[in-house]
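Structural features, examined
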Amino acid sequence: INAEYMGYQQMGSKLIVLGYNIFQCAIWSFVFCWALYLTILQKSIYGPICNDSILLHSLTIAQATQALDVVLALLQLTKTNWGYSLMQIYSRYFIVFGTLYLNRKYSGAPLLILAWSMADAIRFCYYSFTVQGEAPFAVTWLRYSAFIPLYPIGFSHELYSLWEGRDIFASLKPLIESLPIARILTDVRYLYLITAVIAIPLFCMIYWYMITQRKKALSPKEKKHQRTKQILTQNY
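First, a word on scope: everything that follows refers to the structure included in this document.

About the criteria used
Residues numbered from 1 in each chain as written. Predicted model: local features only at pLDDT ≥ 70, side-chain atom pairs only at ≥ 80, totals over all residues. Heavy atoms only, no water. Helix = DSSP H or I, 4+ residues; strand = E, 2+ residues; numbered from the N terminus. Contact = heavy atoms within 4.5 Å. Areas by Shrake-Rupley, 256 points an atom, 1.4 Å probe, with all protein chains shown as cover. Salt bridge = Lys/Arg side-chain N within 4 Å of Asp/Glu carboxyl O. Core = buried A, V, L, I, M, F, W, Y, C linked by side-chain atoms within 4.5 Å. Buried < 20%, exposed > 50% of the residue type's maximum accessible area, 1.4 Å probe, protein only. Expected span 1.5 Å × (residues − 1). Polar contact = N/O pair within 3.5 Å; in protein donor to acceptor, adjacent residues only side chain to side chain.

1. A word on the overall build of the protein
- A tally of regular secondary structure across the protein gives eleven helices and zero strands.
- Mapped in sequence order, the helices and strands of the protein form the string α-α-α-α-α-α-α-α-α-α-α.
- The long-range fraction of contacts in the protein, counting pairs at least 24 apart against all pairs at least 6 apart in sequence, stands at 77%.
- Roughly 14100 Å² of accessible area belongs to the protein as shown, and the carbon and sulfur atoms make up 68% of that amount.

Have a look at this one:
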């Protein structure tokens, strides 16, 4: 009975993780397609596409629900490092809600959103396959190759958005002064600097980690070892 219960529990956990990955892959794919459509429409890779409510709301849903990355990691349903995920989600939240929402004229939004959405659509597509077993080589190659240009493009435009939005709260001064925590919020611009300081070493760690993982994932010896391990696991 215990073995049967554990089997159902594992199946339920897999379905939860699979459903989450498929949802994230779908929503980020939509964000990418819609951002690409708006970028083509304005005939420039720089422009205020965040004025579009469909894009902004879709991006908000996609990013807000990524908090589940941390929850699933804490519940040990995924092998994700919850600490890295938490720091990454914090910086993403700050950029979405602290810059893109308040500074909808941000000109670097097209490249930022396109890089984010393409990277995450590929990432969650790969995760969707690995929940069920081994991902196809094409998906694995995309997962461990697309990040090489996408991560630097996304990160550089994150910093650019922080720079453009550094004086955003000046226009909100009357509202800020009326709040009980006015003393803290009057110095909120320092949060932009703090976020940038946190983001730079975090990016370097994640980028280096992905490079080392790429060597392992695309190595013929490692792939052979993984197949052997999978066969042994199935047989025993």
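2. Comments concerning the pattern of salt bridges
- A complete count under the given rule lists three salt bridges for this structure.
- Among the charged side chains, a network of salt bridges with common partners joins Asp69, Arg92, Asp120 and Arg123.

3. Description of the nonpolar core
- Among the nonpolar cores identified, the biggest contains 29 residues, and Trp28, Leu59 and Ile113 are the most heavily contacted of them.
- Of all the secondary structure elements, the ones that give two or more residues to this core are helix 1 (2-42), helix 2 (53-64), helix 4 (82-100) and helix 5 (109-132).
- Per-element tally for this core: the top contributor is helix 1, with eight residues.
- In this structure, Val139, Phe147, Tyr151 and Tyr207 belong to the second largest nonpolar core, which totals 19 residues.

4. A word on the environment of Pro136
- With respect to the secondary-structure elements, Pro136 resides in the loop between helix 5 and helix 6 (137-143).
- Residue classification places Pro136 among the partly exposed residues on the basis of a relative accessible area of 36%.
- Counting along the chain gives ten residues from Pro136 to Tyr126, while the straight-line C-alpha distance between them is 8.6 Å.

5. Focus on unusual backbone geometry
- Although it is not a glycine, Lys43 adopts a positive phi angle of roughly 60°.
- A positive phi angle, close to 60°, is found at Gln76, a residue other than glycine.
- Position of Gln76 relative to the elements: it lies in the loop between helix 3 (68-74) and helix 4.

6. Here we look at helix 4
- Its 19 residues give helix 4 an end-to-end C-alpha distance of 25 Å, which sits within 8% of 27 Å, the value for a rise of 1.5 Å per residue.
- All buried positions along helix 4 are accounted for by Ser85, Ile89, Ser91, Arg92, Phe94, Ile95, Val96, Gly98, Thr99 and Leu100.
- Backbone nitrogen of Gly83 and a side-chain oxygen of the N-cap are separated by 2.9 Å at the start of helix 4; the cap is Asn81.

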